[in-house]
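Residue strings, one per chain:
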Amino acid sequence: MPLPPGLVALVRVLPRLFLAPGTVYLGLQACDSLIGRPVPRWFRLTAYVLSLPVAFITNVVYAQIRDRRQAALRGAVLPPAMSSKWPGALDKLSALVWNFSNGYMGEFTTAECQELGDTFNMRVLYENRAILATQFTSFVKGPIFWDQFNSLLGTGVFNSDVTTRFHRSMTRPFFTRDRISDFDIFEKHAEDAIKQIRIRLGDGYPVDFQDAVSRFTLDSATEFLFGKDVCSLSAGLIYPPSSPLSKDSKFLNHPANRFAHAFSASQIAAALRSNYGSSWRFFEFWQDQVQQYTKVLFEFIDPIFADTLAKKHALKGNDVLTVEHEAKEAEEGETLLEHLVNYTEDPTVVKDETLNIMIAGRDTTAATLTFAIYMLSQHSDVLARLREEILTKVGGRRPTHDDLRDMKYMRAFINETLRLYPPVTSTEAQVWPAVKGAKEFYIPPNTMIAYSVFLMHRRKDLWGPDADLFDPDRFIDDRLHKYLTPNPFIFLPFNAGPRICLGQQFAYNEVSYFLVRLLQSFDAFSLDTETELPPADWAQASGRKAVEKVIMRSHLTLYVKDGLWVRMREANPV
């Protein structure tokens, strides 16, 4: 049985806690020998009591002097530091945690950027954290990120630095053009999702579209990964909170709903740790808040892994399978799990990798679809233009890969959704490039760096004066060549460099396919007025906060708090 997180943290810190008193003890012993008599008791007690705070302050001051010196040696400067009133910036930590759960997305960081610039040191609990709202070229995760997300992501690709090439070589064969152009899985689950949407609308209820597409992407991802889906759509869509059926224990305890709940809750619990840096274990002292949910997820994955492993051994026993894969192409009909098992039979590696890809396959696409429909509910002109393109190029039939490739406005619409509502962020430690001719920023080693894609995508100096407006045409007209073409790193919904998302085109295809099928069926979307709206004072704010009609939150990806409840109008048959 693993030790509670808090005890693990204490075990790690105890040697350092004893170092200062131990040094004092040795010093006092030396004094006793030198002066030939014991040092007074009051002096001993005072020295022991003060040893820890003096050692701590000395360490903090030394680190600051060292960092300034290292910056100067490189002709660089340290990023401006966030000011605070309380020791350890506990006041800022409190504000950050509050904003995470209650405020507008990115508002805390935006306020600091306005005061300090787009790169600054958010020093909390005496740990450096460089916050960036600018472009980048590469990054590594680092030990703090790994420790925070290990109980969720484990050894998987999204929590790995050293073995990134190994992880990507395992999964790359599943994102070839032939595989991502096979839309049978999308069609099967899109048809099921739209059927479930019609059932709820037919009962007179609004639909939580976020729930519907999360089930669609979860079923699609698990079938793609395992050859067997979790059947989350079979449980039916959730009911609005005002309905007595929303509290039906039979519905809530449905295996698919337990899996879906654990999937989201595990990510929220893991994301909360990022506010506390390396001290997160003290805030989950007696229980790892993530593991209680990952146990539910592995209840589904474990039997499938065991069956896949047994199938492999049976094939090897019959001499059908004689060699293991070495970065080979996936075989016809082979699932990703079967492909991974042919690389390694290590259950930790295989299960962590599948869970990582499941998170990517479900959440990023679901977030994009959720915010796409949110935008269509607010922009009827965009909806009309999108439907016109769909009906002109596809009509009422099933779209092909060539159809989706030719839909220029569809791609621009998806990109604009990803610009204003990108799924997430990442980290690095290095000397950062100079900003506007100023000196370079020196980032001390092992500093956790968060770059904000969310804020970067809304910067007016990068995207123009209308950056706060939703306008898909910016990816088609002259603004594309003015802003994005000469500076492609201002648009990072799929990351960039060595960590660019392998499933980028797969995601575009899945989002486009579902939108085509949905807009063939429905021609109007409106937010349900009975569900929770943002606080009234948001309307007096600046930027997009003033026009938001939903409350955003983020775990590993962006989502709408309490769901996106919408009503839809059935379109005339095509």
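This part is about the overall build of the protein. Along the protein, the regular secondary structure elements total 21 helices and 10 strands. Here the protein holds 574 residues, and 53% of them are scored as buried. Considering only residue pairs separated by 6 or more positions, the protein has 73% of its internal contacts joining residues 24 or more positions apart. Surface accessibility of the protein: about 27200 Å² in total, with carbon and sulfur atoms responsible for 58%.

In this structure the tally under the stated criterion is 27 salt bridges. D402 is the salt-bridge partner of R405, the closest N and O atoms lying 3.3 Å from each other. Of this pair, R405 and D402 are both found in helix α16 (residues 401-406), three residues apart, which corresponds to roughly one turn of the helix. Relative accessible area serves as the criterion here: at 38%, D402 is assigned to the partly exposed category. Salt bridges sharing partners connect three or more residues here, namely E416, R419, D466, D471, R474, D477 and R479.

Along the chain, the position of L340 falls in helix α13 (residues 336-341). The spatial distance from the C-alpha of L340 to the C-alpha of T354 is 8.7 Å, given a sequence separation of 14 residues.

To continue, consider the packing of helix α8 (residues 184-202) against helix α21 (residues 504-521). Geometry of a packed helix pair, given as the angle between the helix axes and the separation of the axes. One way to put it is that α8 packs onto α21 with a least axis distance of 10 Å and a crossing angle of 40°. As judged from the angle between their axes, α8 and α21 are oblique. You can see that α8 and α21 cross each other, and the crossing is right-handed. Touching F186, E187, A190, A193, I194, I197 and R198 of α8 are F506, N509, E510, Y513, F514, R517, L518 and S521, all from α21. Taken together, the residues of the contact of α8 with α21 sort by class into nine nonpolar, two polar and four charged.

Let us look at the nonpolar core. With 79 residues, the main nonpolar core has F209, F413 and L518 as its most contacted residues. Here this core gets 10 residues from one element, more than from any other, and that element is α21. Listed in part, the 25 residues of the second largest apolar core include F259, L336, I357 and L556.

Turning next to helix α15 (residues 380-393). The terminal C-alpha atoms of α15, which comprises 14 residues, lie 20 Å apart, in line with the 20 Å expected from a rise of 1.5 Å per residue. Looking only at α15, the buried set comprises V382, L383, L386, R387, E389 and I390. Down the axis of α15, the buried side of the element spans an arc of 160°, and every buried residue falls inside it. Facing away from the buried surface of α15 by more than 90 degrees, the exposed residues are S380, D381, E388 and T392. Each element contacted by the buried residues of α15 is listed here: α14 (347-378), α17 (408-420), α21 and β7 (522-527). A positive backbone phi angle near 70° is found at G395, which sits one or two residues after α15.

Okay, the side chain of S51 next. Tracing the sequence through the fold places S51 in helix α2 (residues 41-73). Contact partners of S51, with chain neighbours within four places excluded, come to A20, P21 and V24.

Moving on, we get to the pairing of strand β10 (residues 565-570). A regular strand carries its side chains on alternate faces of the sheet. Relative to β10, strand β3 (residues 207-208) runs antiparallel, the two sharing two bridges. Paired with D208 across the strands is W565, a residue of β10.

Taken N-terminus to C-terminus, the directions of α17 and α21 make an angle of 110°; their axes are 11 Å apart at the nearest point. Taken together, the axes of α17 and α21 are roughly perpendicular relative to one another. Both α17 and α21 take part in a crossing whose hand is right-handed. Facing α17, whose interface residues are M410, R411, F413, I414, N415 and L418, α21 presents Q505, Y508, V511, S512, L515 and V516. Looking at the contact of α17 with α21 residue by residue, the class counts come to eight nonpolar, three polar and one charged.

In this section: the sheet that holds β10. Read from one edge of the open sheet, three strands run β3-β10-β7, paired in antiparallel fashion. Since the sheet does not close on itself, it has two edges, and those belong to β3 and β7, each with one partner.

Tracing the backbone through its elements, the reader meets E510 in helix α21. For E510, the contacting residues outside a window of four places in its chain are F186, F216, T217, S220, G361 and T365.

With that settled, the discussion passes to a nonpolar patch on the surface. Residues L14, L17, F18 and L52 make up a contiguous nonpolar surface patch of roughly 360 Å² in combined accessible area. Broken down by element, the nonpolar patch gets its largest block of residues, three residues, from helix α1 (residues 5-35). Tracing the backbone through its elements, the reader meets F18 in helix α1. The class of F18 is exposed, set by a relative accessible area of 57%.

Glancing now at the environment of V207. When you line up the elements, V207 lands in strand β3. On the accessibility criterion, V207 (1% relative accessible area) is buried. As for V207 and V566, which are separated by 359 residues in sequence, their C-alpha atoms are 5.4 Å apart. When neighbours within four sequence positions are excluded, V207 is seen to be in contact with I197, R200, L201, A212, L237, L564, W565 and V566.

Attention shifts here to the confidence of the model for the protein. This prediction gives the protein a mean pLDDT of 80; 82% of its residues lie at or above 70. By mean pLDDT, strand β4 (residues 431-432) is the weakest element of the protein at 44, and α17 is the strongest at 97. Across residues 132-139, confidence stays below pLDDT 50; counting only partners more than four residues off in sequence or on other chains, it has 40 contacts. For residues 320-327, every residue scores under 50 in pLDDT, and the model assigns this stretch 18 contacts once sequence neighbours within four places are set aside.

Calculation notes
- Residues numbered from 1 in each chain as written.
- Predicted model: local features only at pLDDT ≥ 70, side-chain atom pairs only at ≥ 80, totals over all residues.
- Heavy atoms only, no water.
- Helix = DSSP H or I, 4+ residues; strand = E, 2+ residues; numbered from the N terminus.
- Buried < 20%, exposed > 50% of the residue type's maximum accessible area, 1.4 Å probe, protein only.
- Contact = heavy atoms within 4.5 Å.
- Areas by Shrake-Rupley, 256 points an atom, 1.4 Å probe, with all protein chains shown as cover.
- Salt bridge = Lys/Arg side-chain N within 4 Å of Asp/Glu carboxyl O.
- Axes fitted to C-alpha atoms, helices over the stretch in contact; angles between N-to-C directions.
- Parallel < 35°, antiparallel > 145°, perpendicular 65-115°, else oblique.
- Left-handed = near helix turned anticlockwise from the far one by under 90°.
- Nonpolar A, V, L, I, M, F, W, Y, C, P; charged D, E, K, R; others polar.
- Core = buried A, V, L, I, M, F, W, Y, C linked by side-chain atoms within 4.5 Å.
- Expected span 1.5 Å × (residues − 1).
- Arc of directions from axis to C-beta.
- Pairing = 2+ DSSP bridges.
- Patch = residues over 30% accessible without salt bridge, like charges linked within 9 Å, V, L, I, M, F, W, Y side chains within 5 Å.
- pLDDT = per-residue confidence, 0-100.

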